[in-house]
Amino acid sequence: MEPFLGWHFLAVRGRLRDGSQALEEGVERYAGPLELCRLGLHASARAIDALTYAPGPIVRRVELLGERLDEPNKSVARERRVLWTADATRTLYEFACRQAESVLEHHTTDPKGLKVCRRAIATRRSWLDGEATDEELRAADAAADAYAAYADAAAVADATRASAAAFAASAAAYAVDSAFADAYAADAANAAAADAYAAAYAAAAVADATRAAAFAASAADSAANKMLEEMLEELAPKGRAP
């Protein structure tokens, strides 16, 4: 088979789903039977599809080599060459914000709703830059969620949650790595909690971006994928093909 260029995401600890350490570069190999979603080395041709399976925000540009099974949104093979690896946490947050802004622009006419949702998105960006506190972020998220709960259009609710549901959604993302969930429950004063906060930040980025991707799948799918891939390609090390 011809090489398959794709995308693959990892949790922040850089481990594969079987617990083994993932490569940042090089070729991973698997010798057993192939089965989509269960056995083998996976990737998706489109970043937006890979995002729906992401256990965390570490993105890898990969090639699948050798014997391969394909489905429309994912493939599995015996060999996976890792071309480059990067932390996409901030990129995924920004992607979620841009998707939410796009939906608000095209589907929201209520001035109050626009103001609340735009404030949530702006607060998210300020938080990423260290210019808004966790409390301010939670307050903005809560206001946007409250508006979404009463919004007439389901699209508005989805878009709002895509931009503002990080803390509410992160619990689901934690399930991918129970160690993060245990650490997050620890006291904020100890080292475990410091690690957990970093994990919460990363998991929430994936949750936000995945919700945005889910909405995009039913709306401007191709445009959203193009945006996401262009943003991720900016993370490629200098001199490396995106």
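No experiment lies behind these values; they were computed from the predicted model shown.

A.B. asks: Would you explain the overall build of the chain in this entry?
C.D. replies: In terms of helices and strands, the chain carries 9 helices and 5 strands. Counting only contacts in the chain whose residues sit at least 6 apart along the sequence, the fraction spanning at least 24 positions is 73%. When the accessible surface of the chain is totalled, it reaches about 11900 Å², and 53% of it is carbon and sulfur.

A.B. asks: When you look at the pairing of strand S1 (residues 4-10) in this model, what are you seeing that I'm missing?
C.D. replies: Every regular strand shows the same layout, with side chains that alternate between the two sheet faces. For S1, the buried fraction is high: 6 of the 7 residues fall into the buried class. Note that S1 and strand S4 (residues 58-71) share 7 bridges and pair antiparallel. Bridge pairing links leucine 10 to isoleucine 58 in S4.

A.B. asks: What should I look at first to understand the side chain of histidine 8 in this one?
C.D. replies: Relative to the helices and strands, histidine 8 is located in strand S1. Histidine 8 gets classed as buried once you look at its relative accessible area, which sits at 14%. Engagement of the side chain of histidine 8 in a polar contact is seen with the side chain of arginine 80, the distance being 3.3 Å. Those residues in contact with histidine 8, other than ones at most four positions away along the chain, are Leu16, His42, Ile58, Val59, Arg60, Val62 and Arg80.

A.B. asks: Please clarify how the side chain of arginine 80 should be interpreted in this entry.
C.D. replies: In this structure, arginine 80 sits in strand S5 (residues 74-87). Within the structure, the side chain of arginine 80 is placed 2.9 Å from the side chain of glutamate 28, a separation counted as a polar contact. Setting aside chain neighbours within four positions, we find arginine 80 in contact with His8, Leu16, Gly26, Val27, Glu28, Leu41, His42, Arg60, Val62, Glu63 and Leu64.

A.B. asks: Mind showing me how you'd approach unusual backbone geometry here?
C.D. replies: Apart from glycine, the bulk of residues carry a negative phi angle, and the bulk of peptide bonds sit in the trans form. Even without being a glycine, cysteine 37 presents a positive backbone phi close to 75°. Relative to the helices and strands, cysteine 37 resides in the loop between strand S2 (26-29) and strand S3 (41-43). With relative accessibility at 53%, the residue cysteine 37 sits in the exposed group.

A.B. asks: Just checking my understanding: could you explain the confidence of the model for the chain for this structure?
C.D. replies: Predicted coordinates in areas of low pLDDT are best not read in detail. Summing up the model confidence of the chain, the mean pLDDT is 75 and the portion of residues at 70 or higher is 67%. Here residues 152-201 scores under 50 on pLDDT; set against residues more than four positions off or in separate chains, the count is 77 contacts.

A.B. asks: Sorry, what's going on with helix H9 (residues 221-233) here?
C.D. replies: Two residues of an α-helix separated by three or four positions point the same way, owing to the 3.6 residues in each turn. Here H9 spans 18 Å end to end across 13 residues, near enough to the 18 Å set by a 1.5 Å rise per residue. Those residues of H9 that sit buried are Asp221, Ala224, Asn225, Leu228, Glu229, Met231 and Leu232. Projected down its long axis, H9 carries its buried residues within an arc of 160°, all on one side. Those residues of H9 that are exposed and aimed more than 90 degrees away from the buried face are Ser222 and Lys226.

A.B. asks: Please explain the nonpolar core as it appears in this structure.
C.D. replies: Taken as a class, soluble globular proteins show a tendency for nonpolar side chains to be buried jointly. In terms of nonpolar packing, the biggest core is built from 18 residues, with Trp7, Phe9, Leu51, Val59, Phe95, Leu228 and Leu232 touching the most fellow members. Mapped onto this core, the elements with two or more residues apiece are S1, helix H1 (47-51), S5, helix H2 (89-107) and H9. Of all hydrophobic cores here, the second largest spans 11 residues; its members include Val116, Ala140, Ala144 and Tyr147.

What counts as what
- Residues numbered from 1 in each chain as written.
- Predicted model: local features only at pLDDT ≥ 70, side-chain atom pairs only at ≥ 80, totals over all residues.
- Heavy atoms only, no water.
- Helix = DSSP H or I, 4+ residues; strand = E, 2+ residues; numbered from the N terminus.
- Contact = heavy atoms within 4.5 Å.
- Areas by Shrake-Rupley, 256 points an atom, 1.4 Å probe, with all protein chains shown as cover.
- Buried < 20%, exposed > 50% of the residue type's maximum accessible area, 1.4 Å probe, protein only.
- Pairing = 2+ DSSP bridges.
- Polar contact = N/O pair within 3.5 Å; in protein donor to acceptor, adjacent residues only side chain to side chain.
- pLDDT = per-residue confidence, 0-100.
- Expected span 1.5 Å × (residues − 1).
- Arc of directions from axis to C-beta.
- Core = buried A, V, L, I, M, F, W, Y, C linked by side-chain atoms within 4.5 Å.

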